[in-house]
Amino acid sequence: MSKQASKKGIEEARRRIKEAALKGSEGLRLSGLGLGDADLAVLAPEIEHLKNLERLDLDNNQLATLPKEIEHLKNLQLLYLNNNQLATLPKEIEHLKNL
């Protein structure tokens, strides 16, 4: 798969996640989301609507911050953040008791 095709696929995945979140995705039963190696500089705050997430892979991106809305992912057990630009984590992350 070419790099251009890969980026197009990633953009499509991001669009669908955002669309589901904006529609009110309480019925969405997504338990894991792999966005590693996606060249992300920003994680959309709409991630908060994916309340059933137990695993979130954000390894190997360009993230400098995480949105404070991450605190709403109460079921999150695994959060992969290796190889990003993070200097600190949001204080709200302390509310994730399953992490």
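Each remark here, short or long, concerns the structure printed above.
Residues numbered from 1 in each chain as written. Predicted model: local features only at pLDDT ≥ 70, side-chain atom pairs only at ≥ 80, totals over all residues. Heavy atoms only, no water.

## Things to note about the overall build of the protein chain
Item 1. A tally of helices and strands in the protein chain yields one helix and three strands.
Item 2. In the protein chain, which comprises 99 residues, the proportion classed as buried is 32%.
Item 3. Considering only contacts within the protein chain whose residues lie at least 6 apart along the sequence, 27% involve residues at least 24 apart.
Item 4. Element-wise, carbon and sulfur atoms account for 48% of the exposed surface of the protein chain, whose accessible area totals about 6,400 Å². (Helix = DSSP H or I, 4+ residues; strand = E, 2+ residues; numbered from the N terminus. Buried < 20%, exposed > 50% of the residue type's maximum accessible area, 1.4 Å probe, protein only. Contact = heavy atoms within 4.5 Å. Areas by Shrake-Rupley, 256 points an atom, 1.4 Å probe, with all protein chains shown as cover.)

## Observations concerning the nonpolar core
Item 1. One finds Leu43, Leu53, Leu56, Leu58 and Leu79 to be the most contacted residues of the largest nonpolar core, which totals 19 residues.
Item 2. Look past the residues within four positions of Leu53 in its chain and what remains in contact with it is Leu30, Ser31, Gly32, Leu33, Ile47, Leu73, Asn75 and Leu76. (Core = buried A, V, L, I, M, F, W, Y, C linked by side-chain atoms within 4.5 Å.)

## Some thoughts on the sheet that holds strand S3 (residues 78-80)
Item 1. Across the sheet, which stays open at both edges, the three strands sit in the order S1-S2-S3 with parallel pairing between neighbours. On the outer flanks of this sheet lie strand S1 (32-34) and S3, each paired with one strand and no other. With direction set aside, neighbouring strand axes in the sheet form an average angle of 5°.
Item 2. Pairing analysis gives three bridges linking strand S2 (residues 55-57) to S3, with the strands arranged parallel. By the bridge assignment for S3, Asp57 is matched with Tyr80. (Pairing = 2+ DSSP bridges. Axes fitted to C-alpha atoms, helices over the stretch in contact; angles between N-to-C directions.)

Just geometry here; none of it tells us what the structure is for.
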